[in-house]
Amino acid sequence: MNRIAVVPGSFDPVTLGHLDVIERAARLFDEVHVLVVHNPDKSALLPIAQRVALLERSIEDAGIAGNIVVASWSVGLLVDYCTDVGAHVLIKGIRSQIDVAYETPMAIVNRNLAAVETIFLLPNPANAHVSSSLVRQVSALGGDVSPYVPTAVYEYLQET
Ligand code: PNS
């Protein structure tokens, strides 16, 4: 049986915390789909296609591309994508109790909708304070985000 997991998120932009969780997921599953999903609750920095491109390059640079597919999803439920690709598992990174509180209702709804289970993975504690929103803010104000993002993202933010 091909065990497939989906790692969804805004990835606006991908951080070292995201890459940490993606790498752990890729060790646990045969195939991992990293899915860029539009989150209407957040104001976006990067267009979806750019987020996909930066994820692809970061995953390649990290040497973990073997069983990882990067895709995007903007129409319909996240679980519809899971059903389309035959995935029964979503993976979410959990940094704190705040993440648990935010993720738990979505995990239960996704299970009720399509029997898709959510597995929570703990990142390296060194990445527990890293978030895309912090990266967006520090970058917009001219600060150094190199400790928090892959090189591809750092270079992209320097150029724009
Ligand atoms: O990186 P983010 O912004 O925390 O990711 C949140 C995301 C995109 C994974 C979340 O908003 C989501 O799951 N959206 C899919 C919409 C959906 O299917 N909703 C119904 C069930 S929860």
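Reading the values: the criteria
- Residues numbered from 1 in each chain as written.
- Predicted model: local features only at pLDDT ≥ 70, side-chain atom pairs only at ≥ 80, totals over all residues.
- Heavy atoms only, no water.
- UniProt positions renumbered as here; feature names shortened; annotations may be inferred.
- Phe/Tyr/Trp six-rings, centres within 6.5 Å; stacked < 30°, edge-to-face > 60°.
- Buried < 20%, exposed > 50% of the residue type's maximum accessible area, 1.4 Å probe, protein only.
- Lys NZ or Arg CZ within 6 Å of the ring centre and 35° of its normal.

- Per an unreviewed UniProt entry, the chain goes by Phosphopantetheine adenylyltransferase and derives from Leifsonia poae.
- Heading Pathway (unreviewed entry) of the UniProt record for the chain holds this comment: "Cofactor biosynthesis; coenzyme A biosynthesis; CoA from (R)-pantothenate: step 4/5."
- Per UniProt, the comment on the chain under Catalytic activity (unreviewed entry) is "(R)-4'-phosphopantetheine + ATP + H(+) = 3'-dephospho-CoA + diphosphate".

**Remarks on the packing of aromatic side chains**
Phase 1 of the analysis: Enumeration according to the criterion identifies 1 aromatic pair in this entry.
Phase 2 of the analysis: For the pair Trp 73 and Tyr 81, a centre-to-centre distance of 5.5 Å together with 65° between the ring planes defines the contact as edge-to-face.
Phase 3 of the analysis: The class of Trp 73 is buried, set by a relative accessible area of 18%.
Phase 4 of the analysis: Looking at Tyr 81, the relative accessible area reads 8%, which means it is buried.
Phase 5 of the analysis: Note that Arg 3 overlies the ring of Phe 29, its terminal NZ or CZ placed 5.9 Å from the centroid.

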